Amino acid sequence: MKKNTLLSMVLAGLLSLQAAGAAEAPRLVSRDGRHALLVDGKPFLMLGAQAHNSSNYPEALKPVWEAAKDAKANTVLMPVAWEQVEPEEGKFDFSFVDTLVKEARQQKQRLVILWFATWKNTSAQYTPAWVKLDPKRFPANLDREGKPNYSLSPFGTETLKADKRAFVALMAHLKKIDSAERTVLMVQVENEVGTYGLVRDFGKAAEAAFTQPVPAAVLARKKAVVPGAASGNWRAVYGDYADEYFHAWAIARYIGDIAAAGKAVYELPMYVNNALRNPLDQPPKPWNKDFASGGPTWDVIDIYKAAAPALDIVAPDIYRPESEQVNANLRLFQRADNALWVPEIGNAAAYGRYLYPILGHGAIGVAPFGIDYFNYSNFPLGSTSTDREMVEPFARVFKMFAPIQRQWAQWAFDGRTRGAAEGDDRKPQLLEFPGWVAKLSYREWQFGETSWKMTDKFPAGTEQPGGGVAIAQIGDDEFLVIGQRTRVRMEAAPGQNGFMLRTEQGRFDDQGRWVMERVWNGDQVDYGLNLPAEPVMLKIKMGRPR
Ligand code: DGJ
């Protein structure tokens, strides 16, 4: 074939794709240890809202859309359950998925689909009845005495086959209904996997695999906490950690196999979420019934990467509100080989401020859990309220990012963003940028210095920590600040000269143009920039004297 004939065929193909309105598939990209989710070819920031567990039915969607809209979210995370799509073996019903995707488009929401199947919070509760009722074909994990545990074994070959077949059918269906519009951005495979109360499966197949040599891919990535043999079986290499690492490998391999099969029919980014183990347990102690063994906790991310290359991200579900815990988790899950993505964070008000460090650190997105006006509250994990009051602490932050989400995602990908939340210790913090620093302090009045001791009162509403700020360095000497309840002092980096020249308060309009509302000067800058309870956006020009 002549060269230009081939070229014109390629061009014709591209043009017909364009004519059909086919959008580019969402995909993850990495550069210099940072990550972006490309949607329609450009970085996208998922301002997410996760629905409640039982909202995956057409009649239950309205309260989800309402809450997501109030939250100013752009992406809804919604379960699709194995029990609902394959109630009878081999007969698939994707009518809910059709309704979900259709309504999401009407609502101008993107979607992340959560595949609730073999494991949902470690249990088999979302498997179809024909799975639940056939333990011979779909075996449970066995304990050391051979007694069946509540959770399914990752060595159940029939379970894997059946789950995979259903997942592939789901992905094929998504391809059919969504490869032109790409409403669905990512898929979570299973939900909070692992096993509580039992370190691993002791069934026959598991026992046989446990005595095999640790696979080379795992050895290459996962170092032993207490050095054992350089190679050999799990016990020889990993000692007291062998059982939990083996279980992580077995589950990762199972999910990775499902993800790979799904991607082969329709390629979307895929991830696993996890019920966290204590991030402050450093170095981690061996499992002692204190977390879900086998889940993708921070200390076994490398095992998941080795055993399940089709899983793009291991993601934390954040339900401990202490700032030390949150910060440690963000650090542990943001890696050159793992994009930071927080698919669940509690919907209690205390979590609202953490959206700033999450988005400031360059996460591809975050989703508070239970952004849904279904009359159900998961207090004490989350909020007691189930209405607007619950959505408010997140809406007030998302509202600021929503108009610039694409731009923010690009800045984050370029390494220009930072963020912080007020710590439980209420202490000052520092954000460093090339040439400049932002000094942050909390619980201050907007006027004056605490050292003047003119009052011993604190501003109303600061009884609990609630401050947060995210800053982008949008030019060498220019910053965009978004935040609440924080005093920000922008200064030259140590040893350099410079000061704030001009600070504008404003917003971006629908076209992405900056609309200046006022210039902050006088009292408004003499004591730092005092961001009020309701977030503001500031554009700051710094200057260096010649
Ligand atoms: C974490 C799980 O992943 C969610 O599905 C949900 O069960 C919450 N815990 C609790 O509300």
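All figures in this text were calculated on a predicted structure; none of them were measured in a lab. (Residues numbered from 1 in each chain as written. Predicted model: local features only at pLDDT ≥ 70, side-chain atom pairs only at ≥ 80, totals over all residues. Heavy atoms only, no water.)

(A) Representation of the overall build of the protein in the model. Secondary structure summary: the protein contains 16 helices and 23 strands in total. Against the globule reference of 24 Å for 546 residues, the protein gives a C-alpha radius of gyration of 25 Å, in line with a compact fold. The principal-axis extent of the C-alpha atoms belonging to the protein is close to 75 × 60 × 55 Å. For the protein, the residues scored as buried account for 55% of the 546 residues in total. Taking as baseline every contact in the protein between residues at least 6 positions apart, the subset at least 24 positions apart corresponds to 73%. Roughly 23700 Å² of accessible area belongs to the protein as shown, and the carbon and sulfur atoms make up 53% of that amount. (Helix = DSSP H or I, 4+ residues; strand = E, 2+ residues; numbered from the N terminus. Rg over C-alpha atoms; globule rule 2.2 N^0.38 Å. Buried < 20%, exposed > 50% of the residue type's maximum accessible area, 1.4 Å probe, protein only. Contact = heavy atoms within 4.5 Å. Areas by Shrake-Rupley, 256 points an atom, 1.4 Å probe, with all protein chains shown as cover.)

(B) Structural context of the pairing of strand β15 (residues 429–433). Alignment of β15 against strand β16 (residues 436–441), held across 5 bridges, turns out to be antiparallel. Each bridged residue has a counterpart across the sheet, and for Leu 431 the counterpart in β16 is Ala 438. Connecting β15 to the next strand, β16, in antiparallel fashion are 2 residues, including Gly 435 with a positive phi near 90 degrees. (Pairing = 2+ DSSP bridges.)

(C) Highlighting the sheet that holds β16. With antiparallel pairing, the 4 strands of this open sheet are ordered in space as β15-β16-β19-β22. Edge positions in the open sheet fall to β15 and β22 (529–531), since each of these has one partner strand only. The sheet shows a mean angle of 25 degrees between the axes of neighbouring strands, taken without regard to direction. Pairing geometry for strand β19 (residues 486–492) and β22, over 3 bridges, is antiparallel. (Axes fitted to C-alpha atoms, helices over the stretch in contact; angles between N-to-C directions.)

(D) Main features of the nonpolar core. Counting residues in hydrophobic clusters, the biggest one holds 122 residues, and the most contacted among them are Trp 115, Trp 234, Tyr 238, Tyr 304, Phe 401 and Trp 408. Two domains share this core, each providing at least three of its residues, namely domain 1 (40–403) and domain 2 (421–543). Contact partners of Trp 234, with chain neighbours within four places excluded, come to Ala 209, Phe 210, Gln 212, Val 214, Pro 215, Val 218, Gly 239, Ala 242, Tyr 245, Phe 246 and Trp 249. (Core = buried A, V, L, I, M, F, W, Y, C linked by side-chain atoms within 4.5 Å. Domains from an automatic or database assignment.)

(E) Inspection of the pairing of β19 at higher detail. Here β19 lies mainly inside the structure; 5 of its 7 residues are buried. Pairing analysis gives 6 bridges linking β16 to β19, with the strands arranged antiparallel. Across the sheet, the residue bridging to Leu 440 is Val 488, located in β19.

(F) Geometry of the site of the ligand. Looking at the ligand, the residues that line it are Asn 53, Lys 120, Asn 121, Asn 191, Glu 192, Asn 273, Asp 317, Tyr 319, Glu 344, Phe 369, Asn 378 and Leu 381. Here an oxygen atom of the ligand and a side-chain polar atom of Lys 120 are 3.1 Å apart. With respect to the ligand, the side chain of Asn 121 contributes an N or O atom lying 3.0 Å from an oxygen atom. Considered on its own, the ligand offers 300 Å² of accessible surface; in the complex 87% of this is hidden by protein. Taken together, the residues that form the shell around the ligand break down as 3 nonpolar, 5 polar and 4 charged. (Near = heavy atom within 4 Å. Polar contact = N/O pair within 3.5 Å; in protein donor to acceptor, adjacent residues only side chain to side chain. Nonpolar A, V, L, I, M, F, W, Y, C, P; charged D, E, K, R; others polar.)

(G) Highlighting the environment of Gly 483. Among the structural elements, Gly 483 can be located in strand β18 (residues 478–484). The spacing of Gly 483 and Val 189 is 294 residues in sequence and 34 Å in space, taken between C-alpha atoms.

(H) Up close: the packing of aromatic side chains. In the structure shown here, the tally under the stated rule is 25 aromatic pairs. Relative to Trp 249, the ring of Phe 246 lies with its centre 5.8 Å away and its plane at 35 degrees, an arrangement referred to as tilted. Residue Phe 246 and its partner Trp 249 are both found in helix α10 (residues 242–265); the two are separated by 3 residues, about one turn of the helix. Judged by its relative accessible area of 1%, Phe 246 falls in the buried class. Residue Trp 249 is classed as buried on the basis of its relative accessible area, which comes to 10%. In textbook terms, an aromatic cluster arises when at least three aromatic residues are bridged by ring pairs, as seen for Phe 155, Phe 210, Trp 234, Tyr 238, Tyr 241, Tyr 245, Phe 246 and Trp 249. Positioned above the aromatic ring of Phe 413 is the side chain of Arg 31, whose terminal nitrogen or guanidinium carbon lies 4.3 Å from the ring centre. One cation-aromatic arrangement involves Arg 443 over Phe 458; the distance from NZ or CZ to the ring centre is 3.8 Å. (Phe/Tyr/Trp six-rings, centres within 6.5 Å; stacked < 30°, edge-to-face > 60°. Lys NZ or Arg CZ within 6 Å of the ring centre and 35° of its normal.)

(I) The arrangement of the side chain of Thr 122 in detail. Within the secondary structure layout, Thr 122 lies in the loop between β6 (110–120) and α5 (129–132). Overall, the relative accessible area of 1% leaves Thr 122 in the buried class. Other than its neighbours up to four places away in sequence, Thr 122 contacts Tyr 150, Ser 151, Asn 191, Glu 192, Val 193, Gly 194, Thr 195, Tyr 196 and Ala 292.

(J) Seen up close, unusual backbone geometry. Residue Pro 283 is bonded to the preceding Gln 282 through a cis peptide linkage, with omega at -10 degrees. If you trace the backbone, Pro 283 turns up in the loop between β10 (270–275) and α11 (301–307). A cis geometry characterises the amide bond from Phe 379 onward to Pro 380, with omega recorded as 10 degrees. You can see Pro 380 is positioned in the loop between β13 (365–368) and α14 (388–401). Even without being a glycine, Glu 192 presents a positive backbone phi close to 40 degrees. Mapped onto the elements, Glu 192 comes out in the loop between β9 (184–191) and α7 (204–210). Unusually for a residue other than glycine, Arg 426 sits at a positive phi of about 60 degrees. Along the chain, Arg 426 turns up in the loop between β14 (417–421) and β15.

(K) Layout of the confidence of the model for the protein. Across the protein, the average pLDDT comes to 96, with 96% of residues at or above 70. Every residue in residues 1–7 is under pLDDT 50, and counting partners more than four places away or in other chains gives 2 contacts. Here residues 9–19 is modelled with pLDDT under 50, and outside its nearest four sequence neighbours on either side it reaches 2 contacts, counting other chains as well. (pLDDT = per-residue confidence, 0-100.)

(L) Examining a nonpolar patch on the surface more closely. The grouping of Phe 447, Trp 452 and Met 454 at the surface amounts to a nonpolar patch, some 390 Å² of accessible area in total. Structurally, Trp 452 is set in the loop between β16 and β17 (468–475). For Trp 452, a relative accessible area of 43% puts it in the partly exposed group. (Patch = residues over 30% accessible without salt bridge, like charges linked within 9 Å, V, L, I, M, F, W, Y side chains within 5 Å. Salt bridge = Lys/Arg side-chain N within 4 Å of Asp/Glu carboxyl O.)

(M) Seen up close, the sheet that holds strand β3 (residues 42–44). The 3 strands are arranged β1-β2-β3 in an open sheet whose pairing can be described as antiparallel. Across the chains shown, the open sheet's two edge strands, defined by having one partner strand only, are β1 (27–31) and β3. Sheet twist, expressed as the average angle between the axes of neighbouring strands with direction ignored, equals 55 degrees. In this structure, strand β2 (residues 34–39) lies alongside β3, joined through 3 bridges in antiparallel fashion. Across the sheet, residue Leu 37 finds its bridge partner in β3, namely Phe 44.

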